[in-house]
Amino acid sequence: MTDRPLTHKQALAAVIQALGGTWDTQRAVLALRVAGHEAKDQEAAEKAARTNLRALADDGVIVRPDPAEAVYRLA
């Protein structure tokens, strides 16, 4: 059986669920970097983080309490 690495989304979900708290782009970038998902540059890292935060919100894992701010927390 082959162990597959976690996708960006799976890795971010696992870290968010383990640590809780509030999550913005910069915290998500750091979490992905620690999980071994290094982007080619800061702009790409931020884009990936935002994309995955939105995907987790769409899945109901996290929520965005204030629509005026891009800050999320566990659902």
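Structural notes, computed from the coordinates. (Residues numbered from 1 in each chain as written. Predicted model: local features only at pLDDT ≥ 70, side-chain atom pairs only at ≥ 80, totals over all residues. Heavy atoms only, no water.)

**Re the sheet that holds strand E2 (residues 62–63)**
So, point 1. Strand order across the open sheet formed by three strands is E1-E3-E2, with antiparallel pairing between neighbours. What marks the edges here is a single partner per strand, and that holds for strand E1 (22–23) and E2.
So, point 2. Of the pairings in the sheet, the one linking E2 to strand E3 (residues 72–74) comprises two bridges and is antiparallel in character. Considered in E3, the bridge of Ile 62 is made with Leu 74. (Pairing = 2+ DSSP bridges. Helix = DSSP H or I, 4+ residues; strand = E, 2+ residues; numbered from the N terminus.)

**Focus on the pattern of salt bridges**
So, point 1. What the rule picks out here adds up to two salt bridges.
So, point 2. Ionic pairing is found between Arg 33 and Glu 38, a salt bridge with its closest N-O pair at 3.2 Å.
So, point 3. Classification of Arg 33 by relative accessible area gives partly exposed; the value is 33%.
So, point 4. The exposure class of Glu 38 is exposed, given its relative accessible area of 55%. (Salt bridge = Lys/Arg side-chain N within 4 Å of Asp/Glu carboxyl O. Buried < 20%, exposed > 50% of the residue type's maximum accessible area, 1.4 Å probe, protein only.)

**Brief notes about the nonpolar core**
So, point 1. The biggest cluster of nonpolar side chains holds 14 residues, and the ones touching the most others in it are Leu 12, Ile 16, Leu 53, Leu 56 and Ile 62.
So, point 2. For this core, the elements supplying multiple residues, two or more each, are helix H1 (8–19), helix H2 (25–34) and helix H3 (42–58).
So, point 3. The contact partners of Ile 62, leaving out residues within four places of it in the chain, are Ile 16, Leu 53, Leu 56, Ala 57, Tyr 72, Arg 73, Leu 74 and Ala 75. (Core = buried A, V, L, I, M, F, W, Y, C linked by side-chain atoms within 4.5 Å. Contact = heavy atoms within 4.5 Å.)

These figures come from the coordinates and say nothing about function on their own.
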